[in-house]
Amino acid sequence: MDISKYSIRDLLLTALKSEIEARDFYKSLAGTVENYFLKDRVLFLAAEEEKHRQAFEKMFRQQFPGQELVLPEKSPVPLPELKFEKETMPISEVFFVAMQAEKAAHDFYTAISGYFPSESEQHKLLLYIASMEMGHYHLLNLERENALRTEDFEVTLPMVHVGP
C-alpha cells in the first residue's frame, strides 16, 4: 500500500476513523446475530477495535500535542468499507467483507509503522495492532467457514414439503 503522499496526521486520523467504523460495524452485526457464541465473538471484535481506537487516539495526542482531534467525514486514505445489508446478505458474505477490511487494516498499519523509527514505541505498537488485525481476519475466516457449512441448512427448496 503506497501511503507516501499522506501526512502522519492524516494517517493517524484515518486509523482512528477506521477503528471507530469497525467497532460500530461489529456492534451492529452483533445486534443481528442470534447465535449466542457467535454474538460473543462479534462483541469481542467490537471491544478489540475500541482498544485500537484508544491506542490511536493516544498516539495522535502524543504526536500532535494540543491539537484538536477532528475526524474527517471521509477517510483521506481509501480503505474497504464495512457495511452489509442486514436482511439480504448471508452471514458468510458479511464475514468475507469484514475479512477484507481486517486484511486492509493490517497492511495499512504495517505501512504506517514505516513512518516511525524501528525501535520506537509507535513502530512496535503499529506492528502489534497490525498482527491483531490478522488475528481478527483468521477468527472471521473460521466463523465464515462455519457459516458456509450451516447456511445450506437454512435454504428452503421449493416443492420439498408437497405431499401426495
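These numbers come from a predicted model, not from an experiment. (Residues numbered from 1 in each chain as written. Predicted model: local features only at pLDDT ≥ 70, side-chain atom pairs only at ≥ 80, totals over all residues. Heavy atoms only, no water.)

1. Side note on the packing of helix α1 (residues 8–32) against helix α2 (residues 36–63)
To be explicit about the condition: Axis definition: a line fit to C-alpha positions, over the contact stretch in the case of helices; interaxial angles, taken between N-to-C directions, run 0 to 180 degrees. Secondary structure elements are defined from DSSP: runs of H or I of at least 4 residues count as helices, runs of E of at least 2 residues count as strands, and each element is numbered from the N terminus. Roughly parallel covers angles under 35 degrees, roughly antiparallel covers those over 145, roughly perpendicular covers 65 to 115, and oblique covers all other angles. Left-handed is the label given to a crossing in which the near helix is rotated counterclockwise from the far helix by less than a right angle, and right-handed is the label when the rotation is clockwise. Here the term charged refers only to Asp, Glu, Lys and Arg, the term nonpolar to Ala, Val, Leu, Ile, Met, Phe, Trp, Tyr, Cys and Pro, and the term polar to all other amino acids, Gly among them.
Relative to each other, α1 and α2 sit at 160 degrees, their axes nearing to 8 Å. Comparing the axis directions of α1 and α2 gives the class roughly antiparallel. Viewed along their axes, α1 and α2 form a crossing whose handedness is left-handed. Looking at side-chain class alone, the contact of α1 with α2 contains 16 nonpolar, three polar and nine charged residues.

2. Topic: the pattern of salt bridges
The following threshold applies: Throughout this description, the term salt bridge denotes a Lys or Arg side-chain nitrogen within 4 Å of a carboxyl oxygen of Asp or Glu. Working definition: with a 1.4 Å probe on protein chains only, accessible area under 20% of the residue-type maximum means buried, over 50% means exposed, and in between means partly exposed.
What the rule picks out here adds up to ten salt bridges. When the shortest N-O distance is used, the salt bridge between K51 and E48 registers 3.5 Å. On the criterion of helical spacing, the pair formed by K51 and E48 is a turn pair, its members being three residues apart in helix α2. Residue classification places E48 among the buried positions, given a relative accessible area of 9%. Here E57 and R53 are joined by a salt bridge, their closest N and O atoms 2.4 Å apart. In this pair, E57 and R53 are both assigned in helix α2, four residues apart and thus about one turn of the helix distant. For E57, a relative accessible area of 23% gives the class partly exposed. Among the charged side chains, a network of salt bridges with common partners joins R23, D24, E50, R53, E57 and R61.

3. Here's the deal with the confidence of the model for the chain
Stated formally: Note: pLDDT gives the predictor's confidence per residue, expressed from 0 to 100. Contacts are assigned to residue pairs that have any heavy atoms within 4.5 Å of one another.
Within the chain, residue pLDDT values average 86, and 83% of them lie at 70 or more. When mean pLDDT is taken per element in the chain, α2 scores highest with 94 and α1 scores lowest with 91. Note that pLDDT drops below 50 for residues 155–164; the model gives that stretch zero contacts with residues more than four away or on any other chain.

4. Digging into the environment of H138
Mapped onto the elements of the fold, H138 is located in helix α4 (residues 121–151). Judged by its relative accessible area of 49%, H138 is partly exposed. When the C-alpha atoms of H138 and M99 are compared, they prove to be 7.9 Å apart, with 39 residues separating the residues in sequence.

5. Examining the packing of aromatic side chains
The geometry of an aromatic ring pair comes down to the distance between the two centres and the angle between the two planes. This is how it is decided: Within 6.5 Å between ring centres, the rings of Phe, Tyr and Trp (the latter by its six-membered ring) count as paired, and their orientation is classed by plane angle as stacked under 30 degrees, edge-to-face over 60, tilted in between.
Counted by the stated rule, this structure contains five aromatic pairs. A ring pair is formed by F25 and Y26, whose centres lie 5.3 Å apart and whose planes are at 70 degrees; its orientation type is edge-to-face. Given a relative accessible area of 5%, F25 falls into the buried group. Looking at Y26, the relative accessible area reads 0%, which means it is buried. Ring plane angle 75 degrees and centroid distance 5.7 Å describe the contact between Y36 and F37, whose orientation is recorded as edge-to-face. Residues Y36 and F37 agree in their burial class; the two are exposed. Within the aromatic cluster, the residues linked to one another by ring pairs are F56, F108 and Y109.

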